[in-house]
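Working through the structure, step by step
The chain contents come next:
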Amino acid sequence: MMGVFERLWGVPRPKSELLKQLFGKREEHLPMLDLLNWFQKQGHREDDFSTEALAWDVARYVDVIRDAFYVGYITKETALLHLRSADDMSRGYFRSWEDYADRFIAYKTWWDEGNLRELEEHLKSINGKTYTPDELYDRYLAQGITLIAKIKEAVDYLLKDRNSIWNQVAW
């Protein structure tokens, strides 16, 4: 499954790479735990309690849970407790995996637009240059941002592949 997401999202994050980046860096341990607690208790939905913000928070929360577990910052038991919390956060707000994905993508679109405006302002303050939308987007993607089209491909895979976890676990 991981290989599929690495190919679709274009951001390989194998366990060995994460371990090299974070293993033994105790200074990273507490901020990651703080981030887990932040997503669990408030996240972005503190300012915007829309189902789109909730979908965004849950996806990012699960991503941080996975990373924290991979590098040994949390145990399997702690990871499962956090995953149950993510499930509890989601319960009653989405009709299906597809509904959840649609709302996540809507928030990601809004998030990217805001980041593009900030990047444009930052670049202009540095060099006074105005960039075309394509130039600006290329600079944004160069920061390792996942294309919405790639996320839609991943969602399509998760919805259609009968072996996908989304087709094995009912919403």
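Above this text you will find the structure in question.
Report on the accompanying structure.

Conventions adopted
- Positions within a chain are numbered from 1, following the residues in the order the chain's sequence is written.
- Owing to the predicted nature of the model, reporting of local features is limited to residues with pLDDT of at least 70; listing and counting of side-chain atom pairs is limited to 80 or more, with chain, interface and lining totals taken over all residues.
- Each side-chain value is derived from all of the structure's non-hydrogen atoms; neither hydrogens nor water enter the calculation.
- Per the convention used, a helix needs a DSSP run of H or I reaching at least four residues, while a strand needs a run of E reaching at least two, with both numbered from the N terminus.
- The classification of residues rests on relative accessible area computed with a 1.4 Å probe and restricted to protein chains. Under 20% of the type maximum is buried, over 50% is exposed, and intermediate values are partly exposed.
- We call two residues in contact when some of their heavy atoms are within 4.5 Å.
- Pairing of aromatic rings covers Phe, Tyr and Trp, the last counted by its six-membered ring, and requires centre-to-centre distances within 6.5 Å; plane angles under 30 degrees mean stacked, over 60 mean edge-to-face, and any other angle means tilted.
- Working rule: Lys NZ or Arg CZ, within 6 Å of ring centre, within 35 degrees of ring normal, means a charge sits over the ring.
- Simply put, an axis is a line fit to the C-alpha atoms, just over the touching stretch for a helix, and the angle between two N-to-C directions goes from 0 to 180 degrees.
- If an angle is under 35 degrees, it is roughly parallel; if it is over 145, roughly antiparallel; if it lies from 65 to 115, roughly perpendicular; otherwise it is oblique.
- Here the term charged refers only to Asp, Glu, Lys and Arg, the term nonpolar to Ala, Val, Leu, Ile, Met, Phe, Trp, Tyr, Cys and Pro, and the term polar to all other amino acids, Gly among them.
- Here a patch means residues that are over 30% exposed by relative accessible area and free of salt bridges, tied together within 9 Å if like-charged and within 5 Å if nonpolar (Val, Leu, Ile, Met, Phe, Trp, Tyr).
- Reported accessibility uses the Shrake-Rupley method at a 1.4 Å probe radius. Residues are deemed covered only where the shown protein chains occlude them.
- Any Lys or Arg side-chain nitrogen located within 4 Å of an Asp or Glu carboxyl oxygen qualifies as a salt bridge.
- In protein, a polar contact requires one atom able to donate a hydrogen and another able to accept it; more generally it is a pair of N or O atoms within 3.5 Å, and residues adjacent in sequence count only if both atoms are side-chain atoms.

1. Quick look at the overall build of the protein
Within the protein, the secondary structure is distributed over nine helices and zero strands. From first element to last, N terminus to C terminus, the protein shows the α and β order α-α-α-α-α-α-α-α-α. The buried share of the protein, taken over its 171 residues, is 34%. Considering only contacts in the protein between residues 6 or more positions apart, those separated by 24 or more positions represent 66%.

2. Details of the packing of aromatic side chains
In the structure shown here, the tally under the stated rule is 15 aromatic pairs. Taken together through their ring pairs, the aromatic side chains of Trp56, Phe104, Tyr107, Trp110 and Trp111 make up a single cluster. The ring of Trp111 carries the charged tip of Arg60 above its face, separated from the ring centre by 5.5 Å.

3. Topic: the packing of helix H6 (residues 97-127) against helix H7 (residues 133-141)
Look at H6 against H7: their axes get within 10 Å of each other, and the N-to-C directions meet at 105°. When the interaxial angle is binned, H6 and H7 end up roughly perpendicular. Judged by residue contacts, Trp111, Asp112, Asn115, Leu116, Leu119, Glu120 and Leu123 of H6 engage Leu136, Tyr137, Arg139 and Tyr140 from H7. Grouping the constituent residues of the contact of H6 with H7 by class yields seven nonpolar, one polar and three charged.

4. Some thoughts on a nonpolar patch on the surface
There is a patch of nonpolar side chains on the surface, built from Val62, Leu80 and Leu83 and spanning about 200 Å² of accessible area. The topology assignment puts Leu83 in helix H5 (residues 76-90).

5. Overview of the environment of Asn115
The residue Asn115 is located in helix H6 in this model. Relative accessible area serves as the criterion here: at 22%, Asn115 is assigned to the partly exposed category. Separated by 25 residues in sequence, Asn115 and Tyr140 have C-alpha atoms that sit 8.2 Å apart.

6. Observations regarding the side chain of Lys108
Along the chain, Lys108 turns up in helix H6. Beyond its immediate stretch of four places on either side in the chain, Lys108 contacts Trp56, Ile145, Thr146, Ile148 and Ile151.

7. Observations regarding the side chain of Ser164
Within the secondary structure, Ser164 is located in the loop between helix H8 (148-160) and helix H9 (165-168). For Ser164, the side chain forms a polar contact with the main-chain nitrogen of Trp166, separated by 3.0 Å.

8. Some details on the packing of H6 against H8
Relative orientation of the contacting elements H6 and H8 amounts to 175°, with a least axis distance of 11 Å. One finds that H6 runs roughly antiparallel with respect to H8. Facing Trp97, Glu98, Ala101, Phe104, Ile105, Lys108, Thr109 and Asp112 of H6, the residues of H8 in contact are Ile148, Ile151, Lys152, Val155 and Leu159. Grouping the amino acids of the contact of H6 with H8 by side-chain chemistry returns eight nonpolar, one polar and four charged.

9. What to know about the environment of Thr146
Within the secondary structure, Thr146 is located in the loop between H7 and H8. Sequence spacing of Thr146 and Asp112 is 34 residues, and the spatial spacing of their C-alpha atoms is 9.8 Å.

Any functional reading would require information that these geometric values do not contain.
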